[in-house]
Amino acid sequence: MEKTKEIQKKKMNARLYPLYKMISWDLLFYYSIIYLYLTQTKNFSASQVLLGDAFFTASCFFLEIPIGIAVDRLGKKKSLVFANVCMCIFTFILLIVQNYTQLLIAYFIDAIGYVIKCVCETNILYDSLPMGKGRGSLYSALDGKGASRYYIIDAITSLVAGYAFVVNSYLPIILCLIANIISTVLSTRFIDLQNQEVEPKKKGEIRRYFKGLKEATKFAFKSKRMLCLLLFFGLLSGLIYNMTSFRSGVLKQISLPEQYFGIVFAISQIMAAIFSGMQKFIQKKFGNKTLSALGIPFVVSCVIIGILVLLFNEKAIKIVVIMFILQGAIKGAYNVLIYRYLNNFTNKEIRVKLATIRNMIFNLFSILISLFGSWLLGLTTSANTLLIIGFVTTAFMLWLLYYMRDKVGLQPEEYNKEDLKYSQL
């Protein structure tokens, strides 16, 4: 009887997850206009905006371990509800922000919510799926379903945000706040499978958490497969995160009208939706070369955009927009597949700790890219900044993929014992 109830709880979570992700995966009405909102409405400089991004990711980095402990104590559901409340507070502060200090406070609250969501969301789904060889595929199917729906919704809201910004620059942020309130309500519908409300708290819980984190860290560095995946995730996800500011800066440099920012972002998100739904086909098509097929075109496209704007400026606007749309398509497939790879060959206990390590590595890469980009923007244009960062990330990507060639994408029997230490198929 108890087992049947547990199965029902898992099914409810699995059914709710695609709907939740559709609304809650990231901020709606936000990314297509936030650069314009901060630089035009709130009068911050481009360098300050990117420096704010660096502060956000630095906050995420330092919050990872404290939040990991909090999630262990509170459970994933309670933590996720709190995270969505933080996102509501963040967007409200954006509406009333008057100076840079207030903006940084808003980013810090955003970081709290973001880190909790990163730790909890994918793990809630993975914990809710039946164990077996098909677990990874089922995870990808449900996660991809939610992701593709999110990209479609995000495309529509980005289009609305672009025109709403022209009418009143505060409107997109108000709509973003409403979406965050809906996300908070949806998060309350998940069931915490840890059942921590009936389990007595034990002494030494924090010590055990750090012991588990230490074991997960050892595993991450001893397992060549996991280390390669974490480095790849940090590099490409860090670049994708910073592309919001780089893209807006480039589009502004080539004099694209403000109302078209939302259109470019909307088309990019539609392509992301299509390609997130095609992740099974892409995985089957490229096999163990999938990460190469996604990573190389993305970083090289940054170089191409920088060169085109440097040589042709406004005349290259069509090709530049196409490059940004291509990046959106790559992002769609990548964001589903990378979490599948990272969760493969892991059990429930190790996944939360690995999520903490994964996010810390992502934040480190994001901080480096943001700080480097902010420094470059103080010296040169947005396009030149993207060109230089594109060259650097391409070089690192090529080296990493060469190193990964015999360590990732193998059959289970081809991995060593350390790679499969926490395997739970």
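Everything quoted here is computed from the prediction, not taken from an experiment. (Residues numbered from 1 in each chain as written. Predicted model: local features only at pLDDT ≥ 70, side-chain atom pairs only at ≥ 80, totals over all residues. Heavy atoms only, no water.)

J.: Could you clarify how one ought to interpret the overall build of the protein chain in this entry?
T.: Helix and strand counts for the protein chain stand at 15 helices and 0 strands. In the protein chain, which comprises 425 residues, the share counted as buried stands at 58%. Carbon and sulfur atoms make up 66% of the accessible area of the protein chain, which amounts to about 18200 Å² in all. (Helix = DSSP H or I, 4+ residues; strand = E, 2+ residues; numbered from the N terminus. Buried < 20%, exposed > 50% of the residue type's maximum accessible area, 1.4 Å probe, protein only. Areas by Shrake-Rupley, 256 points an atom, 1.4 Å probe, with all protein chains shown as cover.)

J.: What should I look at first to understand the packing of helix H2 (residues 34-41) against helix H9 (residues 224-253) in this one?
T.: Between two packed helices, both the angle of their axes relative to each other and the distance between the axes serve to describe the pair. Their axes nearest at 9 Å, the elements H2 and H9 cross at an angle of 65 degrees. Where H2 abuts H9, its residues Ile34, Tyr35, Thr39 and Gln40 lie against Thr244, Ser245, Ser248, Gly249 and Lys252. The residue inventory of the contact of H2 with H9, partitioned by class, reads 2 nonpolar, 6 polar and 1 charged. (Axes fitted to C-alpha atoms, helices over the stretch in contact; angles between N-to-C directions. Contact = heavy atoms within 4.5 Å. Nonpolar A, V, L, I, M, F, W, Y, C, P; charged D, E, K, R; others polar.)

J.: How do you make sense of the pattern of salt bridges when you look at a structure like this?
T.: A side chain of one charge can pair with a side chain of the opposite charge when the charged atoms of the two come close. Under the counting rule described, the total for this entry stands at 2 salt bridges. Here Asp143 and Lys21 are joined by a salt bridge, their closest N and O atoms 2.5 Å apart. Taken together, the residues span a long stretch of sequence, with Asp143 in helix H6 (residues 135-167) and Lys21 in helix H1 (residues 2-24) at a distance of 122 residues. Of the residues examined, Lys21 reaches a relative accessible area of 2% and is grouped as buried. Glu121 is the salt-bridge partner of Lys117, the closest N and O atoms lying 2.9 Å from each other. Linking Lys117 with Glu121, this pair stays in helix H5 (residues 100-127), spanning 4 residues, or about one helical turn. Judged by relative accessible area, which is 6%, Lys117 ranks as buried. (Salt bridge = Lys/Arg side-chain N within 4 Å of Asp/Glu carboxyl O.)

J.: In this structure, what is going on with the nonpolar core? I would like to understand it.
T.: Most often, soluble globular proteins have nonpolar side chains that are buried together. Grouped together as the largest cluster of nonpolar side chains are 133 residues, with contacts concentrated most on Tyr30, Phe232 and Val320. Top element by residues in this core is H9. It accounts for 15 residues. In contact with Tyr30, other than residues within four places in its own chain, are Phe90, Leu94, Tyr107 and Cys176. (Core = buried A, V, L, I, M, F, W, Y, C linked by side-chain atoms within 4.5 Å.)

J.: What am I meant to see in the packing of aromatic side chains here?
T.: The way to describe two aromatic rings as a pair is by their centre distance and the angle between their planes. Enumeration according to the criterion identifies 22 aromatic pairs in this entry. An angle of 70 degrees between the planes, with centres 5.7 Å apart, marks the rings of Phe233 and Tyr339 as edge-to-face. Residue Phe233 is located in helix H9, and its partner Tyr339 is located in helix H13 (residues 317-343); the two are separated by 106 residues in the primary sequence. You can call Phe233 buried: its relative accessible area is 2%. Their ring planes at 45 degrees and their centres at 5.7 Å tell us that Phe396 and Trp399 sit as a pair that is tilted. One end of the pair, Phe396, and the other, Trp399, are both in helix H15 (residues 382-404), 3 residues apart, so they sit about a helical turn from each other. Among the residues examined, Trp399 registers a relative accessible area of 46% and is labelled partly exposed. (Phe/Tyr/Trp six-rings, centres within 6.5 Å; stacked < 30°, edge-to-face > 60°.)

J.: What's the story with H2 in this structure? I'm lost.
T.: Along an α-helix, residues three or four apart share an orientation, since each turn contains 3.6 residues. H2 sits mainly inside the fold: 6 of its 8 residues count as buried. Every buried residue of H2 is accounted for by Ile34, Tyr35, Leu36, Tyr37, Leu38 and Thr39. Positioned one or two residues after H2, Asn43 has a phi angle of 60 degrees, which is positive.

J.: What is the right way to look at the confidence of the model for the protein chain in this model?
T.: Low-confidence regions, as indicated by low pLDDT, have predicted coordinates that should not be scrutinised in detail. Residue-level pLDDT values for the protein chain average 85, and 90% of them are 70 or greater. Within the protein chain, helix H8 (residues 205-222) has the poorest average pLDDT of any element, 78, and helix H7 (residues 171-187) the best, 95. In the predicted structure, residues 195-203 sits below a pLDDT of 50 and forms 9 contacts with residues beyond four places in sequence or in another chain. (pLDDT = per-residue confidence, 0-100.)

J.: Can you help me understand the packing of helix H12 (residues 290-312) against H13 in this one?
T.: Orientation of H12 relative to H13, taken along the N-to-C sense of each, is 155 degrees, at an axis distance of 9 Å. One element, H12, and the other, H13, form an angle in the roughly antiparallel class. Two packed elements cross with a definite hand, and for H12 against H13 that hand is left-handed. For the pair formed by H12 and H13, the contact residues are Thr290, Leu291, Leu294, Pro297, Phe298, Ser301, Cys302, Ile304, Ile305, Leu308 and Val309 on the first element and Ile319, Val320, Met323, Phe324, Gln327, Ile330, Ala333, Tyr334, Leu337, Ile338 and Tyr341 on the second. Classifying every residue of the contact of H12 with H13 gives 19 nonpolar, 3 polar and no charged. (Parallel < 35°, antiparallel > 145°, perpendicular 65-115°, else oblique. Left-handed = near helix turned anticlockwise from the far one by under 90°.)

J.: Is there a simple way to explain the side chain of Ser187 in this structure?
T.: With respect to the helices and strands, Ser187 occurs in helix H7. Within polar-contact distance, the side chain of Ser187 engages the backbone oxygen of Thr184 at 2.7 Å. Those residues in contact with Ser187 that sit more than four places away from it in its chain are Tyr20, Lys77, Leu80, Val81 and Asn84. (Polar contact = N/O pair within 3.5 Å; in protein donor to acceptor, adjacent residues only side chain to side chain.)

J.: Sorry, what's going on with helix H10 (residues 259-277) here?
T.: For H10, built from 19 residues, the straight-helix expectation of 27 Å at 1.5 Å per residue is met to within 8% by its first-to-last C-alpha distance of 28 Å. All of the buried residues in H10 are Phe261, Gly262, Val264, Phe265, Ala266, Ser268, Gln269, Ala272, Ala273 and Ser276. (Expected span 1.5 Å × (residues − 1).)

J.: Help me understand the environment of Phe312, please; the structure alone is not making it clear to me.
T.: Looking at the element boundaries, Phe312 is found in helix H12. Considered as a pair, Phe312 and Ile254 are 58 residues apart in the sequence and their alpha carbons are 9.6 Å apart.

J.: Any chance you could explain a nonpolar patch on the surface here in plain terms?
T.: A cluster of nonpolar side chains, contributed by Val167, Tyr170, Leu171, Ile174, Ile178 and Ile182, occupies part of the molecular surface with about 510 Å² of accessible area. Mapped onto the elements, Ile178 comes out in helix H7. (Patch = residues over 30% accessible without salt bridge, like charges linked within 9 Å, V, L, I, M, F, W, Y side chains within 5 Å.)

J.: What's the story with unusual backbone geometry in this structure? I'm lost.
T.: Backbone geometry at Ser255 places phi at a positive 65 degrees, although glycine is not the residue there. Residue placement: Ser255 occurs in the loop between H9 and H10. A positive phi angle, near 50 degrees, is found at Asn313, a position not held by glycine. Note on placement: Asn313 falls in the loop between H12 and H13.

J.: Any chance you could explain the environment of Leu387 here in plain terms?
T.: Within the secondary structure, Leu387 is located in helix H15. Separated by 84 residues in sequence, Leu387 and Val303 place their C-alpha atoms 4.7 Å apart. Every residue in contact with Leu387, bar those within four places of it in the chain, is listed here: Cys302, Val303, Gly306, Ile307 and Leu310.

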